[in-house]
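# Architecture at a glance
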Amino acid sequence: METTNALRWLAAELDARGWRTALRAGTLTVTNPDAPRLTDAITCDGRAFWWTWGQEAGPADDIVGVADRIVHVLRTVAP
């Protein structure tokens, strides 16, 4: 899968859920709208999406599943 398109599709899925995204230079920055400090940059190598810490976020052909994972990881947790 072409990396820029995969990142655009992922951005569109997250935007539809109300999350903030910015695509620049092959990196998708995702921000929790309720807690802007909860943010990360996602990359794609054509096979998979990757977190900044080097862990795979999910396969490039599973846009919805990866969006679910991002929302879960960057969620707020009530005390």
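Everything that follows concerns the structure shown earlier in this document.
Please read all numbers here as calculations on a predicted model, not as lab measurements. (Residues numbered from 1 in each chain as written. Predicted model: local features only at pLDDT ≥ 70, side-chain atom pairs only at ≥ 80, totals over all residues. Heavy atoms only, no water.)

### Some details on the environment of phenylalanine 49
In plain terms, the rule: Numbering of helices and strands starts at the N terminus; helices are DSSP runs of H or I of at least 4 residues and strands are runs of E of at least 2. For every residue, the accessible area obtained with a 1.4 Å probe (protein chains only) is divided by the maximum for its type, and the residue is called buried under 20%, exposed over 50%, and partly exposed between those limits.
Among the secondary structure elements, phenylalanine 49 is positioned in strand 4 (residues 48-50). Classification of phenylalanine 49 by relative accessible area gives buried; the value is 0%. Separated by 33 residues in sequence, phenylalanine 49 and alanine 16 have C-alpha atoms that sit 19 Å apart.

### Quick word on the packing of aromatic side chains
To keep it simple, the criterion reads: Aromatic pairs are defined between Phe, Tyr and Trp rings, using the six-membered ring for Trp, whenever the two ring centres lie within 6.5 Å; interplanar angles under 30 degrees are classed as stacked, those over 60 as edge-to-face, and all others as tilted.
If you walk through the whole model with that rule in mind, you get one aromatic pair. An angle of 5 degrees between the planes, with centres 4.8 Å apart, marks the rings of tryptophan 51 and tryptophan 53 as stacked.

### Observations regarding helix 2 (residues 63-73)
Since there are 3.6 residues in each turn of an α-helix, residues three or four apart along the chain are aligned in direction. So the rule is basically this: By the convention used here, residues are in contact when the closest approach between their heavy atoms is within 4.5 Å.
Restricting attention to buried positions, one finds in helix 2 the residues Ile63, Gly65, Val66, Ala67 and Ile70. Along its buried surface, helix 2 packs onto helix 1 (3-16), strand 2 (27-31), strand 3 (39-44), strand 4 and strand 5 (56-59).

### Structural notes on the nonpolar core
What counts, and what does not: We call a set of buried residues a nonpolar core when its members are Ala, Val, Leu, Ile, Met, Phe, Trp, Tyr or Cys and they connect through side-chain atoms within 4.5 Å of each other.
Leu10, Leu14, Leu28, Val30, Ile42, Phe49 and Ile70 are the most contacted members of the largest nonpolar core, which has 19 residues in total. Only helix 1, strand 2, strand 3 and helix 2 provide two or more residues apiece to this core. Among the elements that make up this core, the one with the highest residue count is helix 1 (five residues). Contacts of leucine 10, omitting those with residues within four sequence positions, involve Leu28, Ile42, Phe49, Ile63, Val66, Ala67 and Ile70.

### Here's the deal with the pattern of salt bridges
Two side chains with opposite charge may pair up if their charged atoms get near one another. The condition is simple: The term salt bridge refers to a pairing of a side-chain nitrogen on Lys or Arg with a carboxyl oxygen on Asp or Glu at a separation within 4 Å.
Enumeration according to the criterion identifies three salt bridges in this entry. Residue arginine 17 pairs with glutamate 13 through a salt bridge whose shortest N-O separation is 3.0 Å. With relative accessibility at 30%, the residue arginine 17 sits in the partly exposed group. Between aspartate 68 and arginine 17 there is a salt bridge, with the nearest N and O atoms lying 2.7 Å from each other. Here arginine 17 lies in the loop between helix 1 and strand 1 (20-24) and aspartate 68 lies in helix 2, a separation of 51 residues in the sequence. One network of salt bridges, in which partners are shared, links Glu13, Arg17 and Asp68.

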